[in-house]
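Summary of structural features
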Amino acid sequence: MGYYDIHTHQMPFHKEDIAIINRSVNPMGDIQPGSLPDTFIRSYGIHPWYIYNAKEQIDRLRVLAYGPRVVAIGEAGLDPLAESPVNLQKEVFLAQANLAEETHKPLIIHCVKAWGDLIACKKAVKPEVPWIIHGFRGNSELASQLVRLGFYLSFGDRFNPSALCVAWPDSLFLETDDKSIDIREVYRNVAEALDIPEEKLRIQIAKNSSIFRLKGYL
Ligand SMILES: [Zn+2]
């Protein structure tokens, strides 16, 4: 059984590990550079930092989203620190949320200091597909609120241990994102923080990962 990395920008360190490699759709509607062999599973999305040409980007994403080995939409999100206006970010986020519904693929979310807006979007969309907040570093209060609303939380190299306990077992995912680290290192740190054997963590994350419908690709 491999280790699952649900959000990364690089190839896995071990070929038996399962990585969902993220590529964003760039302003001109092309794909972010970085070779991605055909055999790899991936997610495509429009990152809130790089919205310049929303219509073209959404049109391009719509085509990509239906492609083979595309197992999730995103990262999509809300980030007041990004250059693009918040209203445009919301519009692009909702377009991606609707595309996730249409394609029946989970949505991977980048959210910075926009929790109220994100929660309002979820209440508006009422998604059937899972919504996963990636790179979660919030505290246990925020984690509890989000988990109660049905969000999944994905943790990487830095995290708040008390939030981990809230997401464990059923709402938890692990990732390396843009860090040049081995996903197995994240598993080790998280198993230690949860005070559980690593094997137990592996079994649970493999079970949670069934939401991605990876059968046929592994
Ligand atoms: Zn990322």
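For the structure, see preceding data.
Computed from the structure, the largest pocket encloses a volume of approximately 580 Å³. Glu75, His110, His134, Gly135 and Asp177 are, among the 28 residues lining the largest pocket, the residues nearest its centre. Secondary structure elements with two or more residues in the lining of the largest pocket: β2 (18-24) and β5 (107-111). Taken together, the residues of the lining of the largest pocket sort by class into eight nonpolar, eleven polar and nine charged. Considered as a void within the structure, the second largest pocket measures approximately 180 Å³ in volume. Considering the residues around the second largest pocket, the lining is formed by Pro12, Lys15, Asp17, Ile18, Ala19, Thr39, Phe40, Ile41, Tyr217 and Leu218.

With respect to burial, β2 is a largely interior element, seven of its seven residues being buried. Residues Ile18, Ile20, Asn22 and Ser24 of β2 are buried on one face, and the alternating residues Ala19, Ile21 and Arg23, pointing to the opposite face, are buried as well. Both strand β1 (residues 4-8) and β2 contribute to a ladder of three bridges, which runs parallel. By the bridge assignment, Thr8 is partnered in β2 with Ile21. In terms of strand pairing, β2 meets strand β3 (residues 42-45) through four bridges, oriented parallel. Looking across to β3, one finds that Ser24 is bridged to Gly45.

Moving on to the coordination of the zinc ion. Around a metal, the idealised angle for a tetrahedral arrangement of four donor atoms is 109.5 degrees; for an octahedral arrangement of six donor atoms it is 90 or 180 degrees. Only His7 (NE2), His9 (NE2), Glu75 (OE) and Asp177 (OD) from the protein reach the zinc ion as donors, at distances of 2.1 to 2.3 Å. Classification of the site at the zinc ion rests on its four donor atoms, whose angles at the metal span 82 to 164°, yielding the label irregular. As a motif over one chain, the donors of the zinc ion read H-x1-H-x65-E-x101-D. With Glu75 in strand β4 (residues 70-78) and Asp177 in the loop between β8 (172-174) and α6 (183-194), the pair connects residues that are 102 residues apart, well separated along the chain. Under the relative-accessibility criterion, Glu75 is labelled buried at 4%.

Turning to the pattern of salt bridges, a few remarks are in order. Counting across every chain of the model gives seven salt bridges. The partner of Lys55 in a salt bridge is Asp59, and the shortest N-O contact between them spans 2.8 Å. Of this pair, Lys55 and Asp59 both sit in helix α1 (residues 54-65), separated by four residues, roughly a single helical turn. Residue Glu102 is joined to Arg62 by a salt bridge in which the shortest nitrogen-to-oxygen separation is 2.9 Å. With a gap of 40 residues between them, Glu102 in helix α2 (residues 86-103) and Arg62 in helix α1 connect regions that are remote in the sequence. On the accessibility criterion, Arg62 (35% relative accessible area) is partly exposed. Each of Glu16, Asp17 and Arg184 takes part in one network of salt bridges that share partners.

About the criteria used
- Residues numbered from 1 in each chain as written.
- Predicted model: local features only at pLDDT ≥ 70, side-chain atom pairs only at ≥ 80, totals over all residues.
- Heavy atoms only, no water.
- 1 Å grid on protein atoms, 1.4 Å probe; cavity = no way out; pocket = protein on both sides within 12 Å on 5 of 7 lines; lining within 4 Å.
- Points joined across faces, edges and corners; volume = space filled by probe spheres on them.
- Helix = DSSP H or I, 4+ residues; strand = E, 2+ residues; numbered from the N terminus.
- Nonpolar A, V, L, I, M, F, W, Y, C, P; charged D, E, K, R; others polar.
- Buried < 20%, exposed > 50% of the residue type's maximum accessible area, 1.4 Å probe, protein only.
- Pairing = 2+ DSSP bridges.
- Donors = N, O, S within 2.8 Å, 3.2 Å for Na, K, Ca; no water.
- Tetrahedral: all angles 85-135°; square planar, octahedral: opposite > 155°, others 65-115°.
- Salt bridge = Lys/Arg side-chain N within 4 Å of Asp/Glu carboxyl O.

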